[in-house]
Amino acid sequence: MGSGIKVGEVMRKNVVTTGVGNTVTEAASLMKRYNVGSVIALDDGKAVGILTERDIVRNVVAESKNPAEVKISEVMSRPLRVITPEIALEDAAKLMKKFGVRRLPIIKENGELVGIITENDIMKLFPSVVDLIEEKAAIERP
């Protein structure tokens, strides 16, 4: 039994984005300014990848590369795993596990980036979701 909650109802709509041609330093500055752990990389306005703190550590710092010289396109994670706003919250969590990701950008059918949901977002919602499921079960019991 699911909660009936769609990711579109609980997603964060203010997604931090940057161009694939920008540097890792520029992306890291955005992450700091907006207090987020990732930025969505855009190419001609289309979401094509994600740069996470982990990508920076593994692909830049650990490789002794200069983040002011490395382009996001060189170290971002791709393909970008995305979902639509109509996906159930539980299904989003399953997809995160299946793909081994902690964030799922949310894209409309026309390809427009409209939000993002993270593992942390789901965990913050979890107590409320459990309450909803229990209430629904109580109502449905004969």
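See above for the structure.
Fair warning: this is a prediction, and the values are worked out from it, not measured in the lab. Within every chain, residues take consecutive numbers counted from 1 along the sequence as written. Local features in a predicted model are, by the rule used here, given only for residues with pLDDT of at least 70; side-chain atom pairs are given and counted only at 80 or more, and totals for whole chains, interfaces and linings are based on all residues. Derived side-chain values reflect all non-hydrogen atoms in the structure, with water molecules and hydrogen atoms excluded from consideration.

Caption draft 1: Broad picture of helix α2 (residues 24-34). Relative accessible area decides the class of each residue, using a 1.4 Å probe on protein chains only: under 20% of the type maximum gives buried, over 50% gives exposed, and in between gives partly exposed. Secondary structure elements follow DSSP: runs of H or I no shorter than four residues count as helices, runs of E no shorter than two count as strands, and numbering proceeds from the N terminus. For α2, every residue scored as buried is listed here: Val24, Ala27, Leu30 and Met31. Along α2, the residues classed as buried sweep out an arc of 120° about the axis, all on the same side. Residues of α2 that are exposed and angled more than 90 degrees away from the buried face: Lys32 and Arg33. Looking at the buried positions of α2, the neighbouring elements they touch are β1 (17-19), β2 (38-43), β3 (46-52), α3 (53-61) and α4 (72-75). Asparagine 35, located one to two residues past α2, shows a positive phi value of around 55°. The arc in question is traced by the directions running from the helix axis to the C-beta atoms. When checking whether two residues touch, look at their non-hydrogen atoms; a contact exists if any pair is within 4.5 Å.

Caption draft 2: Spatial organisation of the sheet that holds β2. Strand order in the open sheet made by the three strands is β1-β2-β3, with mixed pairing throughout. Edge positions in the open sheet fall to β1 and β3, since each of these has one partner strand only. Strand-to-strand twist in this sheet, taken as the mean axis angle between neighbours without regard to direction, amounts to 40°. Lying over the sheet, α2 contacts β1, β2 and β3, oriented at roughly 130° with respect to β2. Two strands pair under a simple rule: DSSP has to find at least two bridges between them. Under this scheme, a helix contributes an axis fitted over its contacting stretch, all axes are lines through C-alpha atoms, and angles between N-to-C directions fall in the 0 to 180 degree range.

Caption draft 3: Spatial organisation of the layout of surface pockets. Both cavities and pockets are sets of points on a 1 Å grid over the protein atoms alone; in a cavity a 1.4 Å probe fits but cannot get out, in a pocket the set is open with protein on both sides within 12 Å along at least five of seven lines, and lining residues sit with an atom within 4 Å of a point. Grid points are joined across faces, edges and corners, and a volume is the space filled by probe spheres set on the points. Space inside the largest pocket adds up to approximately 790 Å³. Lining the largest pocket are 31 residues, and of these Ser38, Ile50, Thr52, Arg102 and Arg103 lie nearest its centre. A class-by-class count of the residues in the lining of the largest pocket yields 12 nonpolar, eight polar and 11 charged. Amino acids are sorted into nonpolar (Ala, Val, Leu, Ile, Met, Phe, Trp, Tyr, Cys and Pro), charged (Asp, Glu, Lys and Arg) and polar (every other residue, Gly among them).

Caption draft 4: The nonpolar core, seen in detail. Nine residue types can take part in a nonpolar core, namely buried Ala, Val, Leu, Ile, Met, Phe, Trp, Tyr and Cys, and a core is a set of them joined through side-chain atoms within 4.5 Å. Ranked by internal contacts, the top residues of the largest apolar core, which has 16 residues, are Val24, Met31, Val39, Leu51, Ile72 and Val75. A total of four residues in this core trace back to one element, the largest contributor, which is α2. Formed by 12 residues, the second largest nonpolar core is a distinct cluster that contains Leu89, Leu104, Ile106 and Ile117.

Caption draft 5: Broad picture of unusual backbone geometry. Between arginine 78 and proline 79 the backbone carries a cis peptide bond, its omega angle lying at 5°. Within the secondary structure, proline 79 sits in the loop between α4 and α5 (89-99). In this model, asparagine 35 sits at a positive phi of 55°, which is unusual for a non-glycine residue. Mapped onto the fold, asparagine 35 is located in the loop between α2 and β2.

Caption draft 6: Region of interest: the pairing of β2. Alignment of β1 against β2, held across three bridges, turns out to be parallel. Paired with threonine 17 across the bridge in β2 is isoleucine 40. When the strands point away from the viewer, a crossover counts as right-handed if the route from the first strand across the helix to the second turns clockwise. Since β1 and β2 lie parallel, the crossover through α2 that links them has a hand, and here it is right-handed. By the bridge criterion, six bridges tie β2 to β3 in an arrangement that is antiparallel. Note on β3: the bridge partner recorded for aspartate 43 is lysine 46. Here β2 folds back onto β3, and the loop between the two strands holds two residues, one of which, aspartate 44, carries a positive phi near 55°.

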